[in-house]
Amino acid sequence: MAKSPETEHPVKVYGWGSRNSSGVLAPIKFSRRATGEHDVQLKVLYCGICHTDLHVVKNDWGFTQYPIIPGHEIVGEVTEVGSKVEKVKVGDKVGVGCLVGSCRQCDQCTNDLENYCPKVIWTYGSVYTDGTLTQGGYSNLMVVDEHFIVLWPENFPLDVGSPLLCAGITTYSPLRYFGLDKPGMNIGVVGLGGLGHVAVKFAKAFGTNVTVISTSINKKKEAIEKLGADSFLVSRDPEEMKAAAGTLDGIIDTVSATHPLSPLINLLKPHGKMVLVGAPAQPLELPVFPLLTGRKTIAGSGVGGMKETQEMIDFAAKHNILPDVEIIPIDYINKAMVRLVKSDVKYRFVIDIAKSLRPEYQLHSFMKFCMKSCVVILSVFVTFILCGIIFRFMSS
Ligand code: NAP
Ligand code: ZN
C-alpha cells in the first residue's frame, strides 16, 4: 500500500495546504526526506503568496494533485547540510524559489536555464526523483538540493525580500533576455500586482521610462508617486489607450486572468516586444494583423534559472529593490486568498511562517473547533428549553 504524505519520509513537517479544489487551506501534517549528501535543510522563516499558489490550490490549470502545500517564495535559515554540501553552512540565510530539481544534463540545464529543462521539478506539485510529490514553503521546514538554493545577500531584508524569489526573477529575466533593459526605452507593465509592481521597480532601476497599464484607476497615484512609474494608463479606457498607441518598446504582461491583447499590442512601436508572464487559465485571443503591420513580437517567459536568480537577488540588494508587502500570520491565509482574487493587496502578501506556524497551532485550531461545537450544542439546548417553557406557559 502507498504511504501517506505523513509517513512517506522520516522527517515530520507541518504546514498549510489544500486537500481539494475548494480553494480553502487548512493545517496539514506531512513529511520530508532526510538531508541527503547534497541537500540543505532549512527552517522556513517567511514565504510570499504568489497568484500561482492560488491558481494551483483551486486547480485552475487542471493538473493539481492533492494534498498540495503551496509556496515558492521561501526564505529561511540553514539547519542542516549534507556531507558534500559546499555552498552554505548551518546558520546561513538562504532562499528557495520556484524550482528544486532538473536533469542537470540537457542543453537548458548546461546553459543555466534549469527552468526550461523538460524534467524541471517545481517546488510544489511536481514528482521528485524519489517518486513523491514536492511540497512548498507554507511549512516549517524544507529540504532542497544545494544547487537550487539562493544565497541571501547580507543585511538584505528576509521578509520584504522573499517575493523576489518568484515575482522578482519572473520579471527581471524577460526584461534582460528581450533587451528591454536599455536606458531611455519605454516599457509598459500590465497589471499592478505582485509581479507587476516588482517589474516597475526593476525597469526603473535599468533606467527605462515605465508606463503602468492597469484596470484600477485607484492605483494611479501610488504607481507614480511611490513606485516611480512615469505614466499610467487605465486599460479599460479606450480613449486613453488609443492616445498612447505606438509609444512602447516593450511590454511585460503580468495579468492573471483572461484579458484582450489587441489594445496592448497597439501600444507597441514597430518591432516592439510584448512578453506574457501572467498565466490565465483560459487561452487568450491573439489578433494577427497588428503583429504583421510593424513586425511585433509576442513571447512568453517562465521564472528563471538558478544563476540568473542569484544575479537578480544580488542586483536587487545592490540597488535596494524591495517589494511592497503586507506581512500576515498563517491563519490569515484564506482571507488573503480572497483579497488576492480581488487584487486587494499592495502588492504581495508574505506569511510570517516562523512566528505564526506552530504544531500547537493545529491543536489551537482543534480547540477552536471544539469550542464552536460546544456553543452550537449549547444554543440548541437553550432554544429547546426556552421552547418548552413557552409551550408550557401557553398551554397553562
Ligand atoms: P496578482 O498579484 O494577483 O496580480 C495580477 C494583476 O493582474 C492584478 O493586480 C490586476 O492588476 C491584474 N488583473 C487581475 N485580473 C484582471 C483582469 N480580469 N483583467 C485585467 N487585469 C487583471 O498576481 P501575481 O502574483 O502578480 O501573478 C500574476 C500572474 O503571473 C498569475 O497568473 C501567476 O500565475 C503568473 N505567474 C507566472 C510566472 C511565470 O513564470 N511566468 C511566475 C509567477 C506568476 P490591476 O489592478 O493593476 O489591473
Ligand atoms: Zn510565483
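Residues numbered from 1 in each chain as written. Chains lettered and ligands numbered in written order. Predicted model: local features only at pLDDT ≥ 70, side-chain atom pairs only at ≥ 80, totals over all residues. Heavy atoms only, no water.

A few points about the coordination of the zinc ion (ligand 2)
Point 1. Coordination of the zinc ion (ligand 2) by the protein comes from Cys50 (SG), His72 (NE2) and Cys166 (SG), over a distance range of 2.0 to 2.2 Å.
Point 2. Look at where the donors of the zinc ion (ligand 2) fall in the sequence and you get C-x21-H-x93-C. Of this pair, Cys50 sits in the loop between strand S3 (39-48) and helix H1 (51-57) while Cys166 is found in the loop between helix H3 (158-161) and helix H4 (167-177), placing the two residues 116 residues apart along the sequence. Comparing Cys50 with Cys166, the two get one shared label, buried. (Donors = N, O, S within 2.8 Å, 3.2 Å for Na, K, Ca; no water. Helix = DSSP H or I, 4+ residues; strand = E, 2+ residues; numbered from the N terminus. Buried < 20%, exposed > 50% of the residue type's maximum accessible area, 1.4 Å probe, protein only.)

Considering the site of ligand 1
Point 1. Lining the immediate surroundings of ligand 1 are 30 residues, of which His51, Ser214, Thr215, Ser216 and Arg348 lie closest.
Point 2. Contact between ligand 1 and Thr52: an oxygen atom at 2.7 Å from a side-chain N or O atom of the residue.
Point 3. Within the side chain of His55, one N or O atom sits 2.8 Å away from an oxygen atom of ligand 1.
Point 4. Those elements that provide at least two residues to the shell around ligand 1 are H1 and helix H5 (194-205).
Point 5. When residues in the shell around ligand 1 are grouped by element, the largest group, three residues, is from H1.
Point 6. Its residues assigned to classes, the shell around ligand 1 comprises eleven nonpolar, 16 polar and three charged. (Near = heavy atom within 4 Å. Polar contact = N/O pair within 3.5 Å; in protein donor to acceptor, adjacent residues only side chain to side chain. Nonpolar A, V, L, I, M, F, W, Y, C, P; charged D, E, K, R; others polar.)

Looking at the sheet that holds strand S15 (residues 297-300)
Point 1. With respect to topology, six strands assemble into an open sheet ordered S12-S11-S10-S13-S14-S15, the strand pairing being parallel. Each end of this open sheet is capped by a strand with a single partner; those strands are strand S12 (231-234) and S15. Taken over all neighbouring pairs, the strand axes of this sheet differ in orientation by 20° on average, direction set aside.
Point 2. When strand S14 (residues 268-276) meets S15, the two strands line up parallel, connected through four bridges. (Pairing = 2+ DSSP bridges. Axes fitted to C-alpha atoms, helices over the stretch in contact; angles between N-to-C directions.)

A few points about the state of the cysteines
Point 1. Enumeration according to the criterion identifies zero disulfides in this entry.
Point 2. Left without a disulfide partner, Cys117 is nearest to the cysteine sulfur of Cys109, which lies 3.7 Å away.
Point 3. Residue class for Cys117 comes out buried when judged on its relative accessible area of 3%. (Disulfide = S-S within 2.5 Å.)

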